[in-house]
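Each chain is listed here by its residues.
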Amino acid sequence: YGGMGLDFSYNIAVAEELGNIRCGGVAMAIGVQAGMATPALTRFGSHELKKQFLMPTIAGDFVACLGVSEPGAGSDVASIKTTAVRKGDEYVINGGKMWITSGSQADWMCLLANTSEGPPHRNKSLICVPMNLPGVHVAKKIDKLGMRSSDTAQIFFEDVRVPCKNLIGEEGKGFTYQMLQFQEERLWGAASVLAPMETIIQETIGYTRQRKVFGQPVLHNQAVHFRLAELATEVELLRSLLYHAVALYVEGNDVTKFASMAKLKAGRLSREVTDSCLQFWGGMGFTSEVLVSKFYRDLRLISIAGGSDETMLSIICKYMDILPTK
């Protein structure tokens, strides 16, 4: 379908390299295209669906977006309200999606919707929805704290009719497909922050080496250079966890626990690195003129998008069998 036929480790290599772009929004948009909106279609979609949607997406002719989050259901995927009711050979879609990356320019959406009245983990399906259909309303482009180069949209569906053949895989398996899709998304997210954190640490070393306070470079204070050494060590530990998870995933293992751990650590560490380094820049760090302030805003999203820190902790606890019984 136009791809290179490489295993998932190459996706992670690309994600890590894209982190060298000095702007989080660009890498995130590519990540949605390559690792968030398309894995389920690649794995479970029909040949016809792949020709219609996957091929032009891989070629870069189509922009894809992922329609999961809603105003009342972000990390709590089971609580989504959007419905896709089968009528004849079509689904009629009603509802809305929120915080949709690339939503205002997307050609199609990988939409998660309720297709039956059954249990919340078995009543959902993934559907390829062209964004130019009647009834698809892009309400607004959301003004955000960070990732400002990436358009994030609120979208409504009003009696949108989509052919039933646009269903990805089996009806009712959408929640399961999305959870599998989340594994790749979360590993991509962890990979994408490694280079920005390394860049911030190195730029902070350079700045504190030349900035003098009380007659000596800021870097020569033990509290400063010890802290930077600690942060660099934490980044390498995250890289090792990520590579371990990716190697297991490529071998065909369920890495939900390790992907969740990597996502949790990536979000918290990116906050820790940007906050600590910004402090060492002093007043200059609070301006828009330096990279550390941009990444302070951009990388804050890692602890929220694709499953919050709290959601990651719940998943890890589940796999450790330490959740309280109901």
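Residues numbered from 1 in each chain as written. Predicted model: local features only at pLDDT ≥ 70, side-chain atom pairs only at ≥ 80, totals over all residues. Heavy atoms only, no water.

Student: Please clarify how the domain arrangement of the protein should be interpreted in this entry.
Tutor: It is common to report an interface's size as the accessible area lost on association of the parts. Here the protein is partitioned into domain 1 (37-170) and domain 2 (176-320). Once you take the C-alpha centre of each, domain 1 and domain 2 turn out to be 29 Å apart. On the side of domain 2, 16 residues touch domain 1, which itself brings 20 residues to the contact. Around 1400 Å² of area is buried between domain 1 and domain 2 when both sides are counted, 63% of it from carbon and sulfur atoms. Among the residues of domain 1 in contact with domain 2, Arg43, Ser75 and Met147 are the three that bury the most area, contributing 34% of the side total. Inspection of the domain 1/domain 2 interface yields one salt bridge. Between Glu184 and Arg43 there is a salt bridge, with its nearest N and O atoms 3.1 Å apart. (Domains from an automatic or database assignment. Contact = heavy atoms within 4.5 Å. Buried area = accessible area lost by both parts, 1.4 Å probe. Salt bridge = Lys/Arg side-chain N within 4 Å of Asp/Glu carboxyl O.)

Student: Looking at this structure, how should I read the environment of Trp188?
Tutor: In this fold, Trp188 is placed in helix α5 (residues 174-192). By relative accessible area, Trp188 is classed as buried at 3%. Along the chain, Trp188 and Gly252 lie 64 residues apart, while their C-alpha atoms are 17 Å from each other. If we skip the residues at most four places from it in the chain, Trp188 touches Asn11, Ile12, Val14, Ala15, Leu18, Ala27, Ile30, Gly31, Ala34 and Met36. (Helix = DSSP H or I, 4+ residues; strand = E, 2+ residues; numbered from the N terminus. Buried < 20%, exposed > 50% of the residue type's maximum accessible area, 1.4 Å probe, protein only.)

Student: How should the pattern of salt bridges be read in this particular structure?
Tutor: As a working rule, side chains carrying opposite charge can pair if their charged atoms are close by. Tallied over the full model, the rule gives 15 salt bridges. Across the pair Arg271 and Asp309 runs a salt bridge whose closest N-O atoms are separated by 3.1 Å. Of the two residues, Arg271 is situated in helix α8 (residues 256-281) and Asp309 in helix α10 (residues 309-320); the sequence distance between them amounts to 38 residues. What makes Asp309 buried here is its relative accessible area of 3%. Overlapping salt bridges, with partners in common, bring together Glu16, Glu198, Glu236 and Arg239 in one network.

Student: Please explain α10 as it appears in this structure.
Tutor: Structurally, the α-helix is built with 3.6 residues per turn, so residues lying three or four positions apart point the same way. Under the 1.5 Å per step criterion, the end-to-end length of α10 is 16 Å for twelve residues, consistent within 8% with the ideal 16 Å. Every buried residue belonging to α10 is among Asp309, Thr311, Met312, Ile315 and Ile316, and all of these are buried. Each buried residue of α10 lies within a common arc of 160° when the element is viewed along its axis, so the set occupies one face. Residues of α10 that are exposed and point over 90 degrees away from its buried face: Glu310 and Lys318. Among the structural elements, α5 and α8 are those in contact with the buried residues of α10. (Expected span 1.5 Å × (residues − 1). Arc of directions from axis to C-beta.)

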